[in-house]
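A structural walkthrough
Residues per chain, in single letters:
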Amino acid sequence: MAKITVNQERCKGCGLCVNACPKKCIGFSSEINKIGYHYAVLKNEEACVGCGSCYQMCPDTCIEVYR
Amino acid sequence: MEKILSRPKALKDFPLSYCPGCGHGIVHRLVAQAIDDLGIRERTIAVAPVGCAVFAYNYFNFDTTEAPHGRPPAVATGIKRTNPDKIVFTYQGDGDLAAIGTAETIHCANRGENITVIFINNANYGMTGGQMAPTTLLGQVTETTPFGRDPLREGYPINVCELLAGLKGTKYIERVSVCDAPNVMKAGKAIKKAFQNQVEGRGYSFIEVVSHCPVDWGKTPLEATKWVKDEMLKIFPLGIIKDETK
């Protein structure tokens, strides 16, 4: 059991976490946030192993990892 | 489930002014994590540069001062000599450290001041809109080299690590990158080592972080990290350049 949470208001939608995820379980939201970006969301919670690659790559420290 | 990774205490919960995908944010977190890990937050003083990281005092949760362009090593020298018990580091970009502040950088290193220098190399002047820096690669198109950097006209990219390694005052020099997750973790270890050296009084430590600047390079964040891996790391090879701390 593992998951990540993304700070939706801070995420700038750069996609570095989406690319870094070895399980390809992160995607973009369909809505935009207050600063105008499609923020990252955990699309497939079952696939997440909590490796923290997304956390390492996030330039805005928007991601928290739970395991 | 338990929270295993989250914002370090030394990094304020404050929105960063950097462009989407910028490497600065990653390095800020690594610096903050190293300071948390070593338990030195209450006695750390940072010296911010002029450049994209000019607002570092808004982001770091410890004392931070601001130096004129290129002068952080001089300011850090003064702070460290008057407060030898404090942990002093400078955070500088390539325009600041390798162009405008070359004299300060070289003489501070040559004096072997017991400080830590974090150098962000993103191959251009980011804040002013992407002009050529001393670290710009040959052939790289920037605002001031629209046909690519030509060595006959603009000279060659400066490898600052190798330049400083020749000075007797420097003790630890390593080049790292933040182009992918494994490299980010290695960069975190290098930055922690650089602070550990200062805590133990081992002398001048210098960490060059080869970083990406997606907006000024005209690339997406993914293209930019790929360009770092494919092009920049050929000119700026990673690894420990000098280690006289043992």
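A short tour of the structure in this document, coming up. Here the structure is a predicted model, which is why all the values come from computation and not from measurement. (Residues numbered from 1 in each chain as written. Chains lettered and ligands numbered in written order. Predicted model: local features only at pLDDT ≥ 70, side-chain atom pairs only at ≥ 80, totals over all residues. Heavy atoms only, no water.)

1. With respect to the environment of A103(B)
- Residue placement: A103(B) occurs in helix α5 (residues 102–111).
- Along the backbone, A103(B) and I240(B) are 137 residues apart, and their C-alpha atoms lie at a distance of 24 Å. (Helix = DSSP H or I, 4+ residues; strand = E, 2+ residues; numbered from the N terminus.)

2. Points about the pattern of salt bridges
- Evaluation of the coordinates by the stated rule reveals 16 salt bridges over all chains.
- Between D13(B) and R7(B) there is a salt bridge, and its shortest N-O distance comes to 3.8 Å.
- Using a relative accessible area of 55% as the deciding quantity, one classes D13(B) as exposed.
- Residue classification places R7(B) among the partly exposed positions, given a relative accessible area of 23%.
- Residues R153(B) and E154(B) are paired through a salt bridge, measuring 2.7 Å at the closest nitrogen-oxygen approach.
- Classification of R153(B) by relative accessible area gives exposed; the value is 55%.
- In the salt-bridge network here, residues are joined through shared partners; they are R10(A), R7(B) and D13(B). (Salt bridge = Lys/Arg side-chain N within 4 Å of Asp/Glu carboxyl O. Buried < 20%, exposed > 50% of the residue type's maximum accessible area, 1.4 Å probe, protein only.)

3. Digging into the interface of chain A and chain B
- Counting residues at the interface gives 25 residues for chain A, matched by 33 residues for chain B.
- Around 2400 Å² of area is buried between chain A and chain B when both sides are counted, 61% of it from carbon and sulfur atoms.
- When the buried area of chain A at its contact with chain B is split by residue, R10(A), Y55(A) and Q56(A) rank highest and sum to 26% of it.
- Across the contact surface, chain A and chain B share two salt bridges.
- With its nearest N and O atoms 3.4 Å apart, the salt bridge here joins K3(B) to E64(A).
- At the junction of chain A with chain B, the criterion picks out 10 residue pairs in polar contact (both at pLDDT 80 or more).
- Every element with two or more residues in the side of chain A that touches chain B is listed here: α1 (16–20), α2 (53–57) and β4 (63–66) of chain A.
- Tallied by class, residues from the side of chain A that touches chain B come to 12 nonpolar, seven polar and six charged.
- Two strands pair when backbone bridges link them, and β4(A) and strand β1 (residues 3–5) of chain B are joined in this way by two bridges, in the antiparallel orientation. Within β1(B), the position partnered with Y66(A) by the bridge is K3(B). (Contact = heavy atoms within 4.5 Å. Buried area = accessible area lost by both parts, 1.4 Å probe. Polar contact = N/O pair within 3.5 Å; in protein donor to acceptor, adjacent residues only side chain to side chain. Nonpolar A, V, L, I, M, F, W, Y, C, P; charged D, E, K, R; others polar. Pairing = 2+ DSSP bridges.)

4. Concerning the packing of helix α1 (residues 23–38) of chain B against helix α8 (residues 181–199) of chain B
Residues and elements named next belong to chain B.
- Closest axis-to-axis distance for the α1/α8 pair is 9 Å, and the angle between their directions is 50 degrees. The pairing of α1 with α8 is recorded here as oblique in orientation. As for how α1 packs across α8, the hand of that crossing is right-handed. In this structure, α1 uses I26, V27, R29, L30, V31, A34, I35, D37 and L38 to contact α8, whose residues at the interface are V184, A187, G188, I191, K192, F195 and Q196.
- Along the lines of polarity and charge, the residues of the contact of α1 with α8 split into 11 nonpolar, two polar and three charged. (Axes fitted to C-alpha atoms, helices over the stretch in contact; angles between N-to-C directions. Parallel < 35°, antiparallel > 145°, perpendicular 65-115°, else oblique. Left-handed = near helix turned anticlockwise from the far one by under 90°.)

5. Describing the nonpolar core
Residue and element names in this part refer to chain B.
- V27, V31, F89, I118, I191, F195 and I207 are the most contacted members of the largest nonpolar core, which has 41 residues in total.
- Dropping the residues within four chain positions of it, F89 is found in contact with V31, I35, T44, I45, A46, V47, F60, F62, T116, I118 and F195.
- Among the nonpolar cores identified, the runner-up in size contains 20 residues, and A67, V117, V160 and Y204 belong to it. (Core = buried A, V, L, I, M, F, W, Y, C linked by side-chain atoms within 4.5 Å.)

6. Some thoughts on the packing of aromatic side chains
- Applying the stated criterion across every chain yields a total of 11 aromatic pairs over all chains.
- Linked through ring pairs, F60(B), F62(B), F89(B), Y91(B) and F195(B) together constitute an aromatic cluster.
- The ring centre of Y66(A) lies 5.2 Å from the NZ or CZ of K3(A), which sits over that ring.
- Of note, K193(B) hangs over the ring of Y172(B), and the distance from its end group to the ring centre comes to 5.4 Å. (Phe/Tyr/Trp six-rings, centres within 6.5 Å; stacked < 30°, edge-to-face > 60°. Lys NZ or Arg CZ within 6 Å of the ring centre and 35° of its normal.)

7. Describing the sheet that holds strand β4 (residues 87–93) of chain B
Residue and element names in this part refer to chain B.
- Read from one edge to the other, the open sheet built from seven strands follows the order β3-β2-β4-β5-β7-β6-β8, with strand pairing classed as mixed. Strands at the two margins of the open sheet, each flanked by one partner only, are β3 (63–66) and β8 (239–243). Ignoring which end each strand starts from, the neighbouring axes of this sheet average 15 degrees apart.
- Bridge analysis of strand β2 (residues 44–48) against β3 gives four bridges, and the strand direction is parallel. If you follow V47 over to β3, its bridge partner there is T65.
- Running at roughly 175 degrees to β4, helix α3 (residues 72–82) makes contact with β2, β3 and β4 of the sheet.
- Sitting on the sheet, helix α10 (residues 221–235) is in contact with β5 (116–121), β6 (170–177) and β7 (204–210), with an inclination near 130 degrees to β7.

That is the geometry; function is a separate question.
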